[in-house]
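So the chains spell out like this:
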Amino acid sequence: ATLSQAYAGWRFGHAVLSGLAGTPTEEFCFLKSDACKGVDYFASKVTFGPSGAEKIHPLGKISPDEQARLDEVRSMLVDDIKCGLEYAETTELSKGGMTPKSS
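Residues numbered from 1 in each chain as written. Predicted model: local features only at pLDDT ≥ 70, side-chain atom pairs only at ≥ 80, totals over all residues. Heavy atoms only, no water.

### Describing the packing of aromatic side chains
Counted only if it meets this: Put simply, two rings from Phe, Tyr or Trp (the six-membered ring, in Trp's case) pair if the centres are within 6.5 Å, and we call them stacked under 30 degrees between planes, edge-to-face over 60, tilted for the rest. Note on conventions: DSSP H or I runs of at least 4 residues are helices, E runs of at least 2 residues are strands, and numbering of each starts at the N terminus.
Evaluated as defined, the whole model comprises 3 aromatic pairs. Aromatic pair Tyr7 and Trp10: ring centres 6.1 Å apart, planes at 15°, arrangement stacked. With Tyr7 and Trp10 both in helix α1 (residues 2–20) and 3 residues apart, the pair spans about one turn of that helix. Plain terms: the ring middles of Phe12 and Phe48 are 5.7 Å apart, the flat faces sit at 85° to each other, and that makes the pair edge-to-face. Taken as a pair, Phe12 in helix α1 and Phe48 in strand β2 (residues 39–49) lie far apart in primary sequence, 36 residues in all.

Written as structure tokens, this is what we have:
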């Protein structure tokens, strides 16, 4: 898993930096979007360019089986996102820092 995570991190970093350098680059990432109805954050194909995430691509055509699976997990996604946002509020991440807030 560690090697896969490192590779995914490299791909994401490469896409962002290439885009910022003027070469539009597509990559998947998890970001705030309206790509999935009822879910505030979703993993989507994004085109990175000089101004960052310049285009969030639509989900595209999915099969009825894929739609059924998405409908099944939608509430889990919403709950997980809510949990992550609540955690972020307990750290300096919400203010641009990287250290946990003191109690």
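That covers the picture; the talk isn't over yet.
### Considerations on the pairing of strand β1 (residues 25–36)
Each regular strand shows side chains that alternate between the opposite faces of the sheet. Formally: Any two strands with at least two DSSP-identified bridges between them are counted as paired.
Alignment of β1 against β2, held across 9 bridges, turns out to be antiparallel. Bridge pairing links Phe30 to Ala43 in β2. Connecting the antiparallel pair β1 and β2 is a turn made up of 2 residues, with Gly38 showing a positive phi of about 85°.

### Here's the deal with the sheet that holds β2
Sheets are built from strands paired through backbone hydrogen bonds, the pairs being either parallel or antiparallel. This is how it is decided: For helices, the fitted axis covers only the stretch in contact; all axes are lines through C-alpha atoms, and the angles between them, taken along N-to-C directions, range from 0 to 180 degrees. Contacts are residue-level and defined by heavy atoms, with any inter-residue pair within 4.5 Å sufficient.
Read from one edge of the open sheet, 3 strands run β1-β2-β3, paired in antiparallel fashion. On the outer flanks of this sheet lie β1 and β3 (52–56), each paired with one strand and no other. This sheet shows a mean twist of 50° between the axes of neighbouring strands, independent of strand direction. Helix α2 (residues 64–89) rests against β1 and β2 of the sheet, and its axis sits at about 85° to β2.

### Observations regarding α2
Residues spaced three or four apart along an α-helix point in a common direction, a consequence of the helix completing one turn every 3.6 residues. To keep it simple, the criterion reads: Between the first and last residue of a helix there are one fewer steps than residues, each counted as 1.5 Å, and that sum is the expected span.
The end-to-end C-alpha distance of α2 is 37 Å, a good match for the 38 Å that 26 residues give at a rise of 1.5 Å each. On its buried face, α2 sits against β1 and β2.

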